[in-house]
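Structural description and commentary
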Amino acid sequence: MSKAIDKITSTAVPLHLGNVDTDQIIPARFLKATTREGFGDNLFRDWRYNSDNTPKKDFVLNDPTYKGKILIAGKNFGCGSSREHAAWAIKDAGFDVVVSSFFADIFSNNALNNFLLPVTVSEDFLQHLFTAVENNPATVISVDLNAQKITANDKSETFDINNYKKTCLLNGYDDIDYLLSIRGEIEAFERQTIN
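Take the sheet that holds strand β1 (residues 7–10) next. Ordered in space as β1-β6-β7-β8, the four strands form an open sheet in which the pairing is antiparallel. Each having just a single partner strand, β1 and β8 (155–158) make up the two edges of the open sheet. Strand-to-strand twist in this sheet, taken as the mean axis angle between neighbours without regard to direction, amounts to 10°. In terms of strand pairing, strand β6 (residues 141–144) meets strand β7 (residues 149–152) through four bridges, oriented antiparallel.

Right, here's the structure in full:
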């Protein structure tokens, strides 16, 4: 069983870029492994490192001022090719939540399947988050999955999530775990159908 998500309260890393595609999240040349571990080292690889593997000082993930379990990203995050490794890389880098005003559907589904919560907010609220965190990197953001609410600096907004995926995240279920959790109901339905 994977780690359940309920309430996440953390500082955040502001990636003030839009149209971030999956090849920018995790470049194709790093997709050789089949397990989920180790991808975080190459998250945003070409933006984070120079050709000699030294960190680029002006990239936000290399700035010790910003840290936390929440990644704030610009509009249209996770576009491009279907690449589950993108969710793996973000999760492996220590993030539990990604906030944007729009996610590509395939990325959003891959994230949810890997216990990475994509929170879609309005453009206004996204700008509120960027401003709050960039003005004060110690700003704490609270994400309450059960209430479907995100809060920063006494300003809140609700977000939508598929009820099935919400149940899975709250309980730490993957698809198999969920089916096992309702095994009794399935067996009762089968008995009812046979009789």
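Once the structure has been displayed, the description carries forward.
A word on the packing of aromatic side chains. Counted under the stated rule, the structure contains seven aromatic pairs. Seen from their ring centres, Phe 44 and Trp 47 are 5.7 Å apart, and the 10° between their planes marks the pair as stacked. The buried category is assigned to Phe 44, whose relative accessible area is 0%. Three or more aromatic residues link up through ring pairs in this structure, and these residues are Phe 44, Trp 47 and Phe 59.

When we look at burial in helix α4 (residues 105–113), the residues that qualify are Phe 107, Ser 108, Asn 110, Ala 111 and Leu 112. Against α1 (22–25), α3 (84–92), β5 (117–120) and α6 (163–171) lie the buried residues of α4. After α4 finishes, the residue Phe 115 shows a positive phi value of roughly 60°.

Procedures and definitions
Residues numbered from 1 in each chain as written. Predicted model: local features only at pLDDT ≥ 70, side-chain atom pairs only at ≥ 80, totals over all residues. Heavy atoms only, no water. Pairing = 2+ DSSP bridges. Helix = DSSP H or I, 4+ residues; strand = E, 2+ residues; numbered from the N terminus. Axes fitted to C-alpha atoms, helices over the stretch in contact; angles between N-to-C directions. Phe/Tyr/Trp six-rings, centres within 6.5 Å; stacked < 30°, edge-to-face > 60°. Buried < 20%, exposed > 50% of the residue type's maximum accessible area, 1.4 Å probe, protein only. Contact = heavy atoms within 4.5 Å.

Function cannot be inferred from these measures alone, as they are strictly geometric.
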